[in-house]
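Examining the three-dimensional arrangement
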Amino acid sequence: MAKSVKALASPDLTRPFSVALLGAAIKAKRTQSGITQADAAALCGLAKQTYIKIEQGRDDIRLCSVMDVMQGLGIQLSIKPWEQQVTSADSEANDGWV
């Protein structure tokens, strides 16, 4: 008999980004998709223990492993644009050095 996977609610994605939040989001996506940890690890080409560490939000995991999981589960990560500081010739002349 196949294991039953209980779907978890998505975490609050408005919280500041952290490895723990990313792990919780990955776990929620997996459970909502009805996939076991073993199947998710196989789908993403990772060892089950590595996959479990990612869901736990461990910070000792390689970024490429996390990216493999995100791609395998269809999770997108985005970076918000930031404002660039424009420096003019005047501000370069007055850069705070005395």
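Preceding this paragraph is the structure being described.
Before going into details, it helps to say that this report is about the structure given with it. All values derive from a computational prediction rather than experimental measurement.

The next thing to look at is the pattern of salt bridges. Using the criterion set out here, one finds two salt bridges in the structure. The partner of Glu55 in a salt bridge is Arg30, and the shortest N-O contact between them spans 2.4 Å. Separated by 25 residues along the polypeptide, Glu55 in helix H3 (residues 48-55) and Arg30 in helix H1 (residues 19-32) bring together distant segments of the chain. For the pair Glu55 and Arg30, one class covers both residues: buried. The shortest N-O distance in the salt bridge between Asp60 and Arg58 comes to 2.9 Å. For Asp60, a relative accessible area of 46% puts it in the partly exposed group. By relative accessible area, which is 35% here, Arg58 ends up partly exposed.

About the cut-offs
- Residues numbered from 1 in each chain as written.
- Predicted model: local features only at pLDDT ≥ 70, side-chain atom pairs only at ≥ 80, totals over all residues.
- Heavy atoms only, no water.
- Salt bridge = Lys/Arg side-chain N within 4 Å of Asp/Glu carboxyl O.
- Helix = DSSP H or I, 4+ residues; strand = E, 2+ residues; numbered from the N terminus.
- Buried < 20%, exposed > 50% of the residue type's maximum accessible area, 1.4 Å probe, protein only.

Remember, this is a structural readout, not a statement about activity or role.
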